[in-house]
Amino acid sequence: MLTAVIERPPETSQAGASPVADIDESALVAAAARGEVAAFEALYRRHVGRVHGVIVRLVGGHGARAEDLTQEAFVRAWQALPAFRFEAAFSTWLHRLAVNTALMELRSRRSRPQDDGDDEALETIGSADSAGHATALLLDLERAVATLPPRARAVLVLYDIEGWKHEEIATELGMAIGSSKAQLHRARGLLRARLGEH
């Protein structure tokens, strides 16, 4: 059990709070690397939102597919954790693993015939909601990003949202740096056009 390895937090912690939630992340990573499920569950709870968020953006908002890829990323993390060397922050390592999981899915889908369904997705942009104007604009943006061609969407998400450099994107997506820049320009132009129409 995790508490046998790591001391419980002082009694001043909130009543009913999980003792694992107060433990330092590096201690949780070390415990999870030794196979302690409770420690990995705590890491999962801490990071699932961000991991799922980046995967949703990369795969274009396909809910079930994003859920599956999120779970796959955490399964891969569990399997690779014993080799984690603490050379980077765990969150950075996990985030990169999640992005790579989504990118591998995009690569495999690119090799299969598919219909992006852009026309259908465009019809949903700008639909009214009851949450207010700012939320509607954010939803419009998310929907518009989801309608972008997969490579353009991946470059846009990695560059503008995740803060990657074109060199990193080019390496991960197997393209030239100039192609990464061109895809970013294309994605931004498509977004402006799609959002301007509504």
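What counts, and at which threshold
- Residues numbered from 1 in each chain as written.
- Predicted model: local features only at pLDDT ≥ 70, side-chain atom pairs only at ≥ 80, totals over all residues.
- Heavy atoms only, no water.
- Phe/Tyr/Trp six-rings, centres within 6.5 Å; stacked < 30°, edge-to-face > 60°.
- Helix = DSSP H or I, 4+ residues; strand = E, 2+ residues; numbered from the N terminus.
- Buried < 20%, exposed > 50% of the residue type's maximum accessible area, 1.4 Å probe, protein only.
- Expected span 1.5 Å × (residues − 1).
- Axes fitted to C-alpha atoms, helices over the stretch in contact; angles between N-to-C directions.
- Parallel < 35°, antiparallel > 145°, perpendicular 65-115°, else oblique.
- Contact = heavy atoms within 4.5 Å.
- Core = buried A, V, L, I, M, F, W, Y, C linked by side-chain atoms within 4.5 Å.
- Salt bridge = Lys/Arg side-chain N within 4 Å of Asp/Glu carboxyl O.
- Polar contact = N/O pair within 3.5 Å; in protein donor to acceptor, adjacent residues only side chain to side chain.

### Quick look at the packing of aromatic side chains
- The full count for this structure, using the stated rule, is seven aromatic pairs.
- On the numbers, 5.0 Å between centres and 65 degrees between planes, the contact of Phe 40 with Trp 78 is edge-to-face. Remark: Trp 78 occurs in helix H3 (residues 63–80) and Phe 40 occurs in helix H2 (residues 37–59); sequence separation between them is 38 residues.
- The exposure class of Phe 40 is buried, given its relative accessible area of 12%.
- Under the relative-accessibility criterion, Trp 78 is labelled partly exposed at 33%.

### Comments concerning helix H7 (residues 150–161)
- Taking 1.5 Å per residue, 12 residues should reach 16 Å; H7 reaches 15 Å between its end C-alpha atoms and fits that length.
- When we look at burial in H7, the residues that qualify are Ala 152, Arg 153, Ala 154, Val 155, Leu 156, Val 157 and Leu 158.
- Directly beyond the C-terminal end of H7, a positive phi value near 80 degrees is found at Gly 163.

### A word on the packing of helix H8 (residues 166–173) against helix H9 (residues 177–196)
- Close contact between H8 and H9 brings their axes to 8 Å; oriented N to C, the two are set at 100 degrees. Overall, the two elements H8 and H9 adopt an arrangement that is roughly perpendicular. Where H8 approaches H9, its residues His 166, Glu 167, Ile 169 and Ala 170 are matched on the opposing element by Ile 177, Ser 180, Lys 181 and Leu 184.

### As for the nonpolar core
- By size, the foremost hydrophobic cluster in this structure holds 46 residues, and its most contacted members are Ile 55, Leu 58 and Leu 103.
- The leading source of residues in this core is H2, at nine residues.
- Filtering out sequence-adjacent residues up to four positions away, Ile 55 remains in contact with Ala 66, Leu 69, Thr 70, Ala 73, Ala 98 and Ala 102.

### A few points about the environment of Leu 190
- With respect to the element layout, Leu 190 can be found in helix H9.
- Its relative accessible area of 25% is what places Leu 190 among the partly exposed residues.
- Residues Leu 190 and Thr 147, 43 residues apart in the sequence, show an inter-C-alpha distance of 9.3 Å.

### Examining the side chain of Thr 101
- By the secondary structure assignment, Thr 101 is in helix H4 (residues 90–110).
- Owing to a relative accessible area of 2%, Thr 101 belongs among the buried residues under this scheme.
- What Thr 101 contacts, discounting residues up to four positions off in sequence, is Leu 69, Glu 72, Ala 73 and Arg 76.

### Quick look at the pattern of salt bridges
- In the structure shown here, the tally under the stated rule is eight salt bridges.
- Its salt-bridge partner being Glu 25, residue Arg 46 comes within 3.6 Å of it at the nearest N-O pair. In this pair, Arg 46 is assigned in helix H2 and Glu 25 in helix H1 (residues 25–33), connecting sequence segments 21 residues apart.
- As a salt-bridge pair, Arg 96 and Glu 172 come within 3.8 Å of each other at their nearest N and O atoms. Highlighted residues: Arg 96 in helix H4 and Glu 172 in helix H8, separated in sequence by 76 residues.

### Regarding the environment of Trp 93
- With respect to the helices and strands, the residue Trp 93 is situated in helix H4.
- Judged by relative accessible area, which is 21%, Trp 93 ranks as partly exposed.
- For Trp 93 and Ala 77, which are 16 residues apart along the polypeptide, the C-alpha to C-alpha distance reads 9.0 Å.
- Leaving out residues up to four positions away in the same chain, Trp 93 has contacts with Ala 77, Ala 80, Leu 81 and Phe 84.

### Regarding unusual backbone geometry
- Phi angles above zero are rare outside glycine, and Phe 86 is one such case at about 60 degrees.
- Residue classification places Phe 86 among the partly exposed positions, given a relative accessible area of 44%.

### Structural notes on the side chain of Glu 105
- Residue position: Glu 105 is located in helix H4.
- Owing to a relative accessible area of 17%, Glu 105 belongs among the buried residues under this scheme.
- Here Arg 65 takes part through its side chain, which lies 3.3 Å from a polar atom of the side chain of Glu 105.

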